[in-house]
Structures are given as C-alpha cells and as structure tokens.
Amino acid sequence: MKTRLITGLIAGVFFLGMCLIGGIGYQMLIVAMALVGYYEFVRMIKLPPFRGAAIFGYICILYMTFPWSLLGLSMPLEVLPALWLMMFLFLAITVFTKNDFPISEAAILFLGTAYIGIGFSAIAMTRITPDGHGVFWTFLMLAAIWSSDAGAYFTGRRFGKHKLWPAISPNKTVEGAVGGIALAVVAAVIFSLFSGGLLTIGRALLLGVSAAVVGQLGDLIQSAYKRVYGIKDTGKLLPGHGGILDRCDSWVVVFPFVHILMLLPYY
C-alpha cells in the first residue's frame, strides 16, 4: 500500500501538472501513454509486440491520438471512416499472409486499437474543448474517477459483504460499488459549486454517476481480460499499480462515454 500511495501521488502530480501546462507536451504525453498501453495489450494477448500486424496497430494508435489541431493540421480521415479503414487493413493482412496472421488475431488487435486509441484520444481532446475550459473538465473527470476508486475501496473494506462479480473480480463488493458512486457524485457536485456557473448541479450528478458506473465497469473489463490471460498486471511501469492500462482502465472508457452522452463540450 505504501508503494502504491507514493507511486500514485508522484504520477498523479506529474500528470495533473502536465495537464495544467497543456500544449504539445501534454498531448505527446497522452500519445506516449497510448502507445505504451497498446504495447501492454499486445503482450497481454501473447503476441509479439514489435512484429507483424502489431506494428500496424501502433501506427493506428498514433493516428488517433496525434495532436493534429494543435499543429494546425486537419485529421485526414475522421474517426469513423478511419476505424473502418483500419479494420479493413487488419483483415487484409490475413489475406496477404495466407492466414499466417489469422482472423482471430486480426480481430483482437483491431479491438485493442479501437479500445485504446479512442479512449486516449478522448482524454487528450478533453483538454482542448472548444469552450476553453479543458483543464476544468479534465480535472473534474479525473476527480470523479479517482473518488469512485477510493470510495469503492474504503467502503468495500469497511462495509463490504455482498460480492459484486466474484467470477471476474473476487474482492469487489456491491457496498463498495455504491460507495464509489456516492463519492464520485460528491466530487462532481463540489466542482459544480466552485465552477462559477460552468457546471450545473444536474449535469454534475450525471457526470459523477457516469464516471463511477462506467469506470467500475471499465475496471471489471480489464479484470476479465487479465483473468482470461492469467496475469495480475498488464505491465510494471508504475510500482504498486502495474502498467498504464492497469492505471487507466477506467479513463479509457469514461472519457469517450461522457463525450458520447454530450455531457462535456464536444471537441
């Protein structure tokens, strides 16, 4: 726990500091995190991380997370047609390799590309929302996600009796999940009270619930993947936390989700 707290504090301060500074430095940090996350994903599914079709996946991740707008550039293809083209090329590789790269591997690499690329792209673009308050929205979502994690952990330890989903994550409890939702909502409402009218109470409630429910589901998704492949952590980059995907399992689903619901200014 001590190692986890120290690592979390250092990593959190560094990330929030970079977010506050913004600009190309922050955006390239997100690009690096996405590429490392994809590397961890490829290793997790037991494929060579720097060979064959996996290399194409890095190119796709880079395309989706690259700071086009900050460099005064337009993304050549929007996300939806780009994803279709990526899917097509992953499938085409199965033909060109005469099934040495089978469709099962093409499918899971494409899934990882979309999961990680869209997730980190949404995190990056939240910082540059058109209303000019990207720092506020990013800090709000991270506070809600982290509050959900803390609320679930401490409430579960103190009051947890009913298992939430033991087949996937045996330590999580229903009481912990409820505590996580409650604390995430409290965090979002506090942001609302100090937002100067930027965030209404109603919207804060929706954001807090979304961050907690979807974030906890993102955690369970990652737990399910790791259980299938028999690993505890996706990496060792962050002592006490594991890898980038272990630390950002909630981020990569919460940020796209709240944008889809149009609860944040759309980038």
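Looking at an unreviewed UniProt entry, one finds the protein named Phosphatidate cytidylyltransferase, with Paenibacillus woosongensis as its source organism. In its Catalytic activity (unreviewed entry) section, UniProt records this for the protein: "a 1,2-diacyl-sn-glycero-3-phosphate + CTP + H(+) = a CDP-1,2-diacyl-sn-glycerol + diphosphate". In its Sequence similarities (unreviewed entry) section, the UniProt record describing the protein reads: "Belongs to the CDS family."

## Examining the overall build of the protein
Regarding its fold elements, the protein presents 10 helices and two strands. Start at the N end of the protein and walk to the C end: the helices and strands fall as α-α-α-α-α-α-β-β-α-α-α-α. Here the C-alpha radius of gyration of the protein, 19 Å, is about what a compact globule of 267 residues would show, namely 18 Å. Principal-axis analysis of the C-alpha atoms gives the protein an extent of 55 × 45 × 30 Å. Buried residues in the protein amount to 48% of all 267 residues. Counting only carbon and sulfur atoms, one obtains 72% of the accessible surface of the protein, whose full area is about 13,500 Å². Between the averaged position of the 18 positive side-chain charges in the protein and that of its 11 negative side-chain charges there is a distance of 9 Å.

## Concerning the packing of helix H6 (residues 134-159) against helix H10 (residues 251-260)
Here H6 crosses H10 at 130 degrees, and the two axes come no closer than 11 Å. By the angle between their axes, H6 is oblique relative to H10. For the element pair H6 and H10, the recorded crossing hand is right-handed. Here Thr138, Met141, Leu142, Ile145 and Trp146 of H6 come into contact with H10, specifically with Trp251, Val254, Phe255 and Val258. Considering only residue class, the contact of H6 with H10 consists of eight nonpolar, one polar and no charged.

## Describing the packing of helix H2 (residues 23-44) against helix H5 (residues 103-126)
Here H2 crosses H5 at 160 degrees, and the two axes come no closer than 10 Å. Considering the angle they form, H2 stands roughly antiparallel to H5. For H2 against H5, the interelement crossing comes out right-handed. Side by side, H2 and H5 meet where Tyr26, Gln27, Ile30, Met33, Ala34, Gly37, Tyr38, Phe41 and Val42 of the first sit next to Ile108, Leu109, Gly112, Thr113, Ile116, Phe120, Ile123 and Ala124 of the second. Per-class residue counts for the contact of H2 with H5 are 13 nonpolar, four polar and no charged.

## A look at the pattern of salt bridges
Evaluated as defined, the whole model comprises four salt bridges. Arg247 is the salt-bridge partner of Asp149, the closest N and O atoms lying 3.2 Å from each other. Separated by 98 residues along the polypeptide, Asp149 in helix H6 and Arg247 in helix H9 (residues 244-248) bring together distant segments of the chain. Looking at Asp149, the relative accessible area reads 27%, which means it is partly exposed. With a closest N to O distance of 2.7 Å, Lys226 and Asp246 form a salt bridge. Of this pair, Lys226 sits in helix H8 (residues 201-229) while Asp246 sits in helix H9; the two residues are 20 residues apart in sequence, bridging distant segments of the chain. The same class applies to Lys226 and to Asp246, which are both buried.

## Concerning unusual backbone geometry
Positive phi, close to 70 degrees, is recorded for Lys46, a residue that is not glycine. By the secondary structure assignment, Lys46 is in the loop between H2 and helix H3 (53-65). Residue classification places Lys46 among the exposed residues on the basis of a relative accessible area of 54%. You will see that Lys98, though not glycine, has its phi angle at about 55 degrees, which is positive. Looking at the element boundaries, Lys98 is found in the loop between helix H4 (79-96) and H5. We classify Lys98 as exposed; its relative accessible area is 74%.

Parameters at a glance
- Residues numbered from 1 in each chain as written.
- Predicted model: local features only at pLDDT ≥ 70, side-chain atom pairs only at ≥ 80, totals over all residues.
- Heavy atoms only, no water.
- UniProt positions renumbered as here; feature names shortened; annotations may be inferred.
- Helix = DSSP H or I, 4+ residues; strand = E, 2+ residues; numbered from the N terminus.
- Rg over C-alpha atoms; globule rule 2.2 N^0.38 Å.
- Buried < 20%, exposed > 50% of the residue type's maximum accessible area, 1.4 Å probe, protein only.
- Areas by Shrake-Rupley, 256 points an atom, 1.4 Å probe, with all protein chains shown as cover.
- Lys, Arg positive; Asp, Glu negative; His and termini not counted.
- Charge placed at Lys NZ, Arg CZ, Asp CG, Glu CD.
- Axes fitted to C-alpha atoms, helices over the stretch in contact; angles between N-to-C directions.
- Parallel < 35°, antiparallel > 145°, perpendicular 65-115°, else oblique.
- Left-handed = near helix turned anticlockwise from the far one by under 90°.
- Contact = heavy atoms within 4.5 Å.
- Nonpolar A, V, L, I, M, F, W, Y, C, P; charged D, E, K, R; others polar.
- Salt bridge = Lys/Arg side-chain N within 4 Å of Asp/Glu carboxyl O.

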